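Working through the structure, step by step
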Amino acid sequence: MDAFNPAELDQFADALQGSGRLLGVDPGSKTIGLAISDENWVISSPVRTIKRTKFTPDVQAMLGFADIEGVSGVVIG
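Residues numbered from 1 in each chain as written. Predicted model: local features only at pLDDT ≥ 70, side-chain atom pairs only at ≥ 80, totals over all residues. Heavy atoms only, no water.

What follows is about helix α2 (residues 55-69). Note that an α-helix has 3.6 residues per turn; residues three or four places apart therefore point the same way. Helix length check: α2 (15 residues) gives 21 Å between terminal C-alpha atoms against 21 Å at 1.5 Å per residue, within 8%. When α2 is considered as a whole, its buried residues turn out to be Asp58, Met62, Phe65 and Ala66. Projected onto a plane normal to the axis of α2, the buried residues spread over an arc of 100° and lie on a single side. Structural note: α2 exposes Gln60, Leu63, Asp67 and Ile68 on the side pointing more than 90 degrees away from its buried face. Packed against the buried residues of α2 are β1 (21-27), β2 (31-37), β3 (44-51) and β4 (71-76). Note on α2: the residue one or two positions beyond its end, glycine 70, has a positive phi of about 65°. (Helix = DSSP H or I, 4+ residues; strand = E, 2+ residues; numbered from the N terminus. Expected span 1.5 Å × (residues − 1). Buried < 20%, exposed > 50% of the residue type's maximum accessible area, 1.4 Å probe, protein only. Arc of directions from axis to C-beta. Contact = heavy atoms within 4.5 Å.)

In structure tokens, the structure reads:
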């Protein structure tokens, strides 16, 4: 795994223009945890757990949730 690069974080924030909710994705072997931030990126809260099945339905579930919640960016980890 590469070392953290602050410039990449700046590029990510610039791409989002400093606003919008972020979707946090915590992939596990049996479930995928989802959390969502507030508009100002101050706090995030867990909101949903997806039981893993296959890649395509799992991604569709995450994208559907992100669309409903008006997510501007995704953070995985």
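Left-over empty space is what a probe sized like a water molecule reveals as it rolls over the atoms. Computed from the structure, the largest pocket encloses a volume of approximately 230 Å³. For the lining of the largest pocket, the elements supplying multiple residues, two or more each, are β1, α2 and β4. By residue class, the composition of the lining of the largest pocket is eleven nonpolar, no polar and two charged. (1 Å grid on protein atoms, 1.4 Å probe; cavity = no way out; pocket = protein on both sides within 12 Å on 5 of 7 lines; lining within 4 Å. Points joined across faces, edges and corners; volume = space filled by probe spheres on them. Nonpolar A, V, L, I, M, F, W, Y, C, P; charged D, E, K, R; others polar.)

Before going further, it helps to examine the sheet that holds β4. Spatially, β3-β2-β1-β4 is the arrangement adopted by the four strands of the open sheet, whose pairing is mixed. Each edge of the open sheet is held by one strand with a lone partner, namely β3 and β4. Between one strand axis and the next, the sheet turns through 25° on average, direction left out of account. Across five bridges, the pairing between β1 and β4 is parallel. Bridging from a neighbouring strand, glycine 24 pairs with valine 75 of β4. With respect to the sheet, α2 is in contact with β1, β2, β3 and β4, its orientation differing from that of β3 by roughly 145°. (Pairing = 2+ DSSP bridges. Axes fitted to C-alpha atoms, helices over the stretch in contact; angles between N-to-C directions.)

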